[in-house]
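Residues per chain are reported as follows:
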Amino acid sequence: MEHWIIAPVLIPAMLAPLIVLWMRYDLVTQRVASILGMSALLVLAIVLMTSASMGPPEVYRLGNWEPPYGIVLVLDRLSALMLLLTSILGLVIVLYAIGSGWDKRGWHFHSLMQFQMMGINGAFLTGDAFNLFVFFEVLLIASYGLMIHGGGRARLKSGVQYVVYNLAGSTLFLFALGTIYATAGTLNMADLAVKVAEMPSEQTALIKVGAALLMLVFAVKAALVPLQFWLPATYTNAPGPVAALFAIMTKVGTYAIVRVYTLIFPITGTIGTLAHDILLPSAFLTIAIGMIGILGARDMGRTVAYAVIGSVGTMMLAFAQFTQGATTAGLYYMIHSTLIAGAMFLIADLVRERRGRWGLGFTDAPLMKNHGLMAGMFFMGAIAMAGMPPLSGFLGKLMILDATRGQWALWATVLVTSLIAIVGYARAGSQVFWRSYAVEVEEDDLPPAPKDASSPGLAFTATGILLAGSVALTALAGPASTWLQGTSAQLFTPSQYIDAVLAGAEERAQEAARIGAHEHGHMEVSEEMQAEDGHGGDTSAADPHADAQPADQADTHTGTETGQDAPAAAH
């Protein structure tokens, strides 16, 4: 199973250039290749998740270089979970893009999707902090192209804002890595965890600076307040399927926070409660801003975008506790929010395509095609997103409240903001769907059918899969929470991760050096024997210039060739 760990990165990395170079002008072939690639990633993610559930973390050493000098990919329960979540979302989005016709509206949609999957999967698997930066850049570059897919002034403007903000975050990431490397001398996560734990308390000032800078970087990626400004406009103006894919983008930042601050900078370690002290107030502000934004939004797109910010704040309230129980609840809520946020962005896109010139704004508009079906899907998604029973959002928030008993400020924040979200979603749904029955227009003014939709049924089916995922997560909440408890236990036992990466690395490196030295010694002996054979035989036929070469130069030349000193060569 060890060699399959690199496959989630390798498959999209190989498929993307093939789509660009070989299938560039054949959309049907691109679609088939993209579906097959995403399906392969889903099957592989299920296999890897099964493997990760049965034992300790597994390691793949690129080029067979031993850590901490070589790059490693590490598969544990958390990374396997994120791979599965990403592959489900990726396959659904490809199906939706094909059914809605979004992949026809610009160049290279499917190849950019593959590059995006490569970057996201690599970020979840890497065991090296600098490689995390590299995969961040891969997924961001692909997301830049996807963001402006289909063109448009508003989309391009939001895309520029998105690029500038994330480039600033990437620059800060390099500063953080430079600070940490200058202090610890390594960027391998397992080795870094060991080095940081061994640091004397009087020498931790710089490493604390690096840890704080990393928190700022991951806060940008996760859209935590006060670094969330890029998200509403970006998600609102992005193409529908791209905005749905971006639902996993904020989870990359969330994953990085959970990974780094349980492995390298645990709350009981060298930097103490620094991560908790930064993350908890930011989480309170994030959930408040997100849910109030739902109430103040003037179109459905921004309503969903602010809901994503609110969901980030909710799960961060759990992760900021840095306890096993709260982390289990946070992981459950993260799965829920990824599925529901993706579904809500797809529902918003379905509404935009069928509402015509009225778009997503909260203005009176006539009934649209498939009105009842979309209203039902929106109602279901809104219930889950707001945290009302009986769907997974309610269970996720209930688990968070149960894990934080006695923290009345947290309880009050979660409950009050949930009520605000209910009011905001009720306003959005009544304006877009209910009031449509009261609007009378001429038949010629009715919203037209979507012009690019290749298979509307496939688009609705893809959206329904994500909603069904929330239902399944609700029905299987018991087994899911049990599995996530094991994931949390593994996260809070960092020795398992460290041992998997570093155990035996020094011994294997010494053995490889010994074997290399032994083989090199044989090579030297063989060359010496060949040189001696050359002196004992007649070499004049092989080298016509041998007679003209002075004897002292010949001896010197032979000594140089065999690596021997001059006396040995004379012998």
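Residues numbered from 1 in each chain as written. Predicted model: local features only at pLDDT ≥ 70, side-chain atom pairs only at ≥ 80, totals over all residues. Heavy atoms only, no water.

Undergrad: Could you clarify how one ought to interpret the overall build of the protein in this entry?
TA: When helices and strands are counted, the protein shows 23 helices and 2 strands. Taking all contacts inside the protein whose residues are at least 6 apart in sequence as the whole, residues at least 24 apart take part in 80%. Entry remark: accessible area of the protein is about 23800 Å², with carbon and sulfur atoms responsible for 65%. (Helix = DSSP H or I, 4+ residues; strand = E, 2+ residues; numbered from the N terminus. Contact = heavy atoms within 4.5 Å. Areas by Shrake-Rupley, 256 points an atom, 1.4 Å probe, with all protein chains shown as cover.)

Undergrad: I tried to follow the pairing of strand β1 (residues 58-61) on my own but got confused; where do I start?
TA: Across the two faces of β1 the burial is the same, with E58 and Y60 and V59 and R61 all buried. Summarising the sheet, β1 and strand β2 (residues 72-75) pair through 4 bridges and their orientation is antiparallel. Residue pairing across strands places R61 opposite V72, the latter belonging to β2. (Buried < 20%, exposed > 50% of the residue type's maximum accessible area, 1.4 Å probe, protein only. Pairing = 2+ DSSP bridges.)

Undergrad: Explain the side chain of S111 here, please?
TA: Structurally, S111 can be placed in helix α4 (residues 109-125). Those residues in contact with S111 that lie beyond four places of it in its chain are A16, I19 and V20.

Undergrad: Where do I start with the pattern of salt bridges in this structure?
TA: When the charged atoms of two side chains lie near each other, side chains of opposite charge can form a pair. Overall, the coordinates contain 7 salt bridges when judged by the stated rule. R31 serves as the salt-bridge partner of D103, at 2.7 Å between the closest nitrogen and oxygen. Of this pair, D103 sits in the loop between α3 (77-100) and α4 while R31 sits in helix α2 (residues 27-53), and the two are 72 residues apart along the sequence. The pair formed by D103 and R31 is uniform in burial state, with each residue classed as buried. (Salt bridge = Lys/Arg side-chain N within 4 Å of Asp/Glu carboxyl O.)

Undergrad: Can you walk me through the packing of aromatic side chains in this structure?
TA: Aromatic rings in a pair are described by how distant their centres are and how their planes are angled relative to each other. Summed over the entire model, instances satisfying the criterion amount to 17 aromatic pairs. On the basis of an interplanar angle of 50 degrees and a centroid distance of 5.6 Å, the ring pair of Y162 and W230 is categorised as tilted. Of the two residues, Y162 sits in helix α6 (residues 153-184) while W230 sits in helix α9 (residues 230-237), which places them 68 residues apart along the sequence. You can call Y162 buried: its relative accessible area is 1%. Relative accessible area serves as the criterion here: at 3%, W230 is assigned to the buried category. Where F378 meets F433, the ring centres are 5.4 Å apart and the plane angle is 40 degrees; that geometry is what we call tilted. With F378 in helix α15 (residues 371-386) and F433 in helix α17 (residues 408-434), the pair connects residues that are 55 residues apart, well separated along the chain. Owing to a relative accessible area of 5%, F433 belongs among the buried residues under this scheme. Aromatic rings pair up to connect Y144, Y162, W230, Y235, F246 and F345 into one cluster. Its guanidinium or amino end placed over the ring of W483, R77 lies 4.5 Å from that ring's centre, counting from NZ or CZ. Its end group placed over the ring of W102, R105 keeps NZ or CZ at 4.1 Å from the ring centre. (Phe/Tyr/Trp six-rings, centres within 6.5 Å; stacked < 30°, edge-to-face > 60°. Lys NZ or Arg CZ within 6 Å of the ring centre and 35° of its normal.)

Undergrad: Looking at this structure, how should I read α4?
TA: Because each turn of an α-helix spans 3.6 residues, side chains separated by three or four positions in sequence point in the same direction. With 17 residues, α4 ought to run about 24 Å at 1.5 Å a step, and its terminal C-alpha atoms sit 24 Å apart, in line with that. With 16 of 17 residues buried, α4 lies mostly within the body of the structure. (Expected span 1.5 Å × (residues − 1).)

Undergrad: Honestly, the environment of A223 in this entry has me stumped. Any pointers?
TA: Within the secondary structure, A223 sits in the loop between α8 (205-222) and α9. Spatially, the C-alpha atom of A223 lies 8.3 Å from that of T286, the residues being 63 residues apart in sequence. The contact partners of A223, leaving out residues within four places of it in the chain, are Q228, W230, L231, T250, T286, I309 and V312.

Undergrad: I tried to follow the nonpolar core on my own but got confused; where do I start?
TA: A general trend in soluble globular proteins is that nonpolar side chains are found buried together. By size, the foremost hydrophobic cluster in this structure holds 177 residues, and its most contacted members are F218, Y261 and F265. No other element matches helix α14 (residues 324-355), which puts 17 residues into this core. The residues touching Y261, leaving out its near neighbours within four places in the chain, are A211, L214, M215, F218, P266, I267, A275 and F322. (Core = buried A, V, L, I, M, F, W, Y, C linked by side-chain atoms within 4.5 Å.)

Undergrad: Looking at this structure, I do not really get a nonpolar patch on the surface. What am I missing?
TA: Residues F130, V134, L174 and F175 make up a contiguous nonpolar surface patch of about 350 Å² in total accessible area. Elements represented by at least two residues in the nonpolar patch include exactly α5 (129-147) and α6. Tracing the backbone shows F130 in helix α5. (Patch = residues over 30% accessible without salt bridge, like charges linked within 9 Å, V, L, I, M, F, W, Y side chains within 5 Å.)

Undergrad: Where do I start with the packing of α14 against α15 in this structure?
TA: To characterise two packed helices, one gives the angle between the axes of the helices and the distance between these axes. Where α14 contacts α15, the axes come no closer than 10 Å and their chain directions differ by 150 degrees. Judged by the inter-axis angle, α14 sits roughly antiparallel to α15. Classified by chirality, the crossing of α15 by α14 is left-handed. Residue-level contacts link Y333, H336, I340, A341, M344, I347, L350, V351 and R354 of α14 to M374, M377, F378, G381, A382, A384 and M385 of α15. Its residues assigned to classes, the contact of α14 with α15 shows 13 nonpolar, 2 polar and 1 charged. (Axes fitted to C-alpha atoms, helices over the stretch in contact; angles between N-to-C directions. Parallel < 35°, antiparallel > 145°, perpendicular 65-115°, else oblique. Left-handed = near helix turned anticlockwise from the far one by under 90°. Nonpolar A, V, L, I, M, F, W, Y, C, P; charged D, E, K, R; others polar.)

Undergrad: For this particular structure, what's the right way to read the confidence of the model for the protein?
TA: Interpreting fine coordinate detail is not advised for predicted regions of low pLDDT. Averaged over the protein, the pLDDT score is 85; the fraction of residues at 70 or greater is 85%. Ignoring residues within four places in sequence, the model shows residues 535-571, a span with pLDDT below 50, making 15 contacts including any to other chains. (pLDDT = per-residue confidence, 0-100.)

Undergrad: Before we go on, may I ask you to explain the environment of I294 in this structure?
TA: As for its position among the elements, I294 is in helix α12 (residues 274-296). A residue is classified by how much of its surface remains accessible, and I294, at 0% relative accessible area, is buried. Separated by 131 residues in sequence, I294 and Y425 have C-alpha atoms that sit 7.3 Å apart. Ignoring anything within four residues of it in the chain, the contact list for I294 reads T303, Y306, A307, A421, G424, Y425 and R427.

Undergrad: Hey, could you run me through helix α1 (residues 7-21) in this one?
TA: Over its 15 residues, α1 runs 21 Å from end to end, which matches the ideal 21 Å to within 8%, given 1.5 Å per residue. By the burial criterion, the buried members of α1 are A7, P8, V9, P12, L15, A16 and I19. Elements in contact with the buried residues of α1: α2, α3, α4 and α5.

Undergrad: I tried to follow unusual backbone geometry on my own but got confused; where do I start?
TA: Of all residues except glycine, most have a negative phi; of all peptide bonds, most are trans. In this model, V225 is joined to P226 through a cis peptide bond whose omega is 10 degrees. Relative to the elements of secondary structure, P226 occurs in the loop between α8 and α9. Omega for the peptide link from P389 to P390 comes to 10 degrees, which places this bond in the cis form. In the Ramachandran plot, N64 falls in the positive-phi region, its phi being about 60 degrees despite a non-glycine side chain. In this structure, H108 is a non-glycine residue whose phi angle is positive, near 65 degrees. Residue placement: H108 occurs in the loop between α3 and α4.

Undergrad: In this structure, what is going on with the packing of α14 against α17? I would like to understand it.
TA: Two elements in contact, α14 and α17, have axes whose closest approach is 13 Å; the angle formed by their N-to-C orientations is 25 degrees. One element, α14, and the other, α17, form an angle in the roughly parallel class. Crossing of α14 over α17 shows left-handed handedness. Contacts between α14 and α17 involve M344, V351 and R355 on the former and, on the latter, Y425, Q431, V432 and F433. Taken together, the residues of the contact of α14 with α17 break down into 5 nonpolar, 1 polar and 1 charged.

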